[in-house]
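Working through the structure, step by step
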Amino acid sequence: MIQSDLDLFGPQPQRLASHTVLLPGFALGEVEALLDALRPVLRAAPWRHMHTPGGQRMAVALSNCGALGWVSDERGYRYSPLDPLSGQPWPALPAVLLALAGRAAAQAGFEGFVPDACLINHYLPGTRLSLHQDRDERDFGQPIVSISLGLPAVFLFGGLQRADRAQRIALNHGDVLVWGGEDRLRFHGVLPVKPGVHPRLGERRINLTLRKAG
Ligand code: SIN
Ligand code: FE2
């Protein structure tokens, strides 16, 4: 058996729950390719702040790529094939992202993951994401693959009830977190990002979550 670079040189995957695996540094070798792929995506579908159904402006700025994109407005949360800003389809899911997500999911025990949506979240220092479940996707049998870039963050990983105690997981530049199976509907969120300057991305954190939404 050929050991992967991850086994030989990098930190080992960490199982955080029965169907949740942290892959430290898994995306590090592809950061430049990912950033190159994101640039045209963000030109076509720029960052924007959406509003919750209750009318609150979300602190996180977001965009999407893929056949479907996650949107929120007064009508609720849902996936849409069209970017509401442009009225056009979301930019396609870059091949590098699709491949990376498939490999990460497989490492975590989810073979054959083919996402059709990637939510791209942008955090400035101080930005947080409150506890929520990812439940707008059709098939909860498919995992979520989350890629973190830029400033570090503390990810809150709770239970199936909002009030359940949450683990605190450090997510650093290049880390990939995969959750699915019986962990798929766990509440999760992000603590306010601490001020800092990341050597590659500056004063920001970017998180990509790949989903099979439709
Ligand atoms: C999300 O739950 O959509 C994003 C999680 C993260 O930014 O790490
Ligand atoms: Fe989420």
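Residues numbered from 1 in each chain as written. Chains lettered and ligands numbered in written order. Predicted model: local features only at pLDDT ≥ 70, side-chain atom pairs only at ≥ 80, totals over all residues. Heavy atoms only, no water.

Looking at the iron ion (ligand 2), the protein donor atoms are His132 (NE2), Asp134 (OD) and His188 (NE2), and they sit 2.1 to 2.2 Å from it. Viewed at the metal, the 4 donor atoms of the iron ion (ligand 2) are separated by angles of 89 to 173 degrees, and the geometry they form is irregular. Sequence positions of the donors to the iron ion (ligand 2) reduce to the motif H-x1-D-x53-H. Highlighted residues: Asp134 in the loop between strand S7 (129-132) and strand S8 (144-150) and His188 in strand S12 (residues 188-190), separated in sequence by 54 residues. Pair check on accessibility: Asp134 and His188 agree, each one buried. (Donors = N, O, S within 2.8 Å, 3.2 Å for Na, K, Ca; no water. Tetrahedral: all angles 85-135°; square planar, octahedral: opposite > 155°, others 65-115°. Helix = DSSP H or I, 4+ residues; strand = E, 2+ residues; numbered from the N terminus. Buried < 20%, exposed > 50% of the residue type's maximum accessible area, 1.4 Å probe, protein only.)

Quick look at the nonpolar core now. Core analysis: the largest hydrophobic core is formed by 33 residues, its most contacted members being Leu97, Val145, Ile147, Val176, Leu208 and Leu210. Top contributing element to this core by residue count: helix H2 (residues 31-44), with 7 residues. Excluding its chain neighbours within four sequence positions, the residues that come into contact with Leu210 are Leu93, Leu97, Ala101, Phe113, Pro115, Ala117, Cys118, Pro143, Ile144, Val145 and Ile147. By size, the runner-up hydrophobic cluster in this structure holds 16 residues, among which are Leu151, Phe155, Trp179 and Val190. (Core = buried A, V, L, I, M, F, W, Y, C linked by side-chain atoms within 4.5 Å. Contact = heavy atoms within 4.5 Å.)

Quick look at the site of ligand 1 now. Close to ligand 1 lie Asn121, Tyr123, Leu129, His132, Phe155, His188, Val190, Arg205, Asn207 and Arg211, which account for all nearby residues. Contact between ligand 1 and Tyr123: an oxygen atom at 2.5 Å from a side-chain N or O atom of the residue. Burial of ligand 1 by the surrounding chains reaches 98%, relative to a free accessible area of 260 Å². Going through the elements one at a time, strand S6 (117-123), S7, S12 and strand S13 (205-211) are the ones with two or more residues in the shell around ligand 1. Along the lines of polarity and charge, the residues of the shell around ligand 1 split into 4 nonpolar, 4 polar and 2 charged. (Near = heavy atom within 4 Å. Polar contact = N/O pair within 3.5 Å; in protein donor to acceptor, adjacent residues only side chain to side chain. Areas by Shrake-Rupley, 256 points an atom, 1.4 Å probe, with all protein chains shown as cover. Nonpolar A, V, L, I, M, F, W, Y, C, P; charged D, E, K, R; others polar.)

Before going further, it helps to spend a moment on the environment of Leu42. With respect to the element layout, Leu42 can be found in helix H2. You can call Leu42 buried: its relative accessible area is 19%. Setting aside residues no more than four positions away along its own chain, Leu42 makes contact with Trp47 and Ser63.

Next up on the list: the packing of aromatic side chains. Taken as a whole and judged by the stated rule, the model has 4 aromatic pairs. When the ring of Phe155 is compared with that of Phe157, the centres are 6.0 Å apart and the planes differ by 25 degrees; the resulting orientation is stacked. Across this residue pair, the class does not change: Phe155 and Phe157 are buried. Put simply, the rings of Phe155, Phe157 and Trp179 touch in pairs and so form one group of aromatic residues. (Phe/Tyr/Trp six-rings, centres within 6.5 Å; stacked < 30°, edge-to-face > 60°.)

Compared with an ideal rise of 1.5 Å per residue, which puts 14 residues at 20 Å, H2 spans 20 Å between its outermost C-alpha atoms and is within 8% of the ideal. Taken together, the buried residues of H2 touch strand S3 (61-66), helix H3 (95-107), S6, S8 and S13. (Expected span 1.5 Å × (residues − 1).)

UniProt records the feature "domain: Fe2OG dioxygenase" (unreviewed entry) for residues 114-214 in the present numbering. In this annotation, residues 114-214 is assigned 0% helix and 42% strand; the end-to-end C-alpha distance for the span is 11 Å. (UniProt positions renumbered as here; feature names shortened; annotations may be inferred.)

Within S8, 7 of the 7 residues are buried, which leaves the element mostly enclosed by the surrounding structure. Alignment of S8 against strand S11 (residues 176-179), held across 4 bridges, turns out to be antiparallel. Within the sheet, the bridge partner assigned to Val145 lies in S11 and is Val178. By the bridge criterion, 6 bridges tie S8 to S13 in an arrangement that is antiparallel. Each bridged residue has a counterpart across the sheet, and for Leu149 the counterpart in S13 is Ile206. (Pairing = 2+ DSSP bridges.)

A few words on the side chain of Ser148. Within the secondary structure, Ser148 sits in strand S8. Setting aside its immediate chain neighbours within four residues, Ser148 contacts Leu171, Asn172, His173, Gly174, Asp175, Arg205, Ile206 and Asn207.

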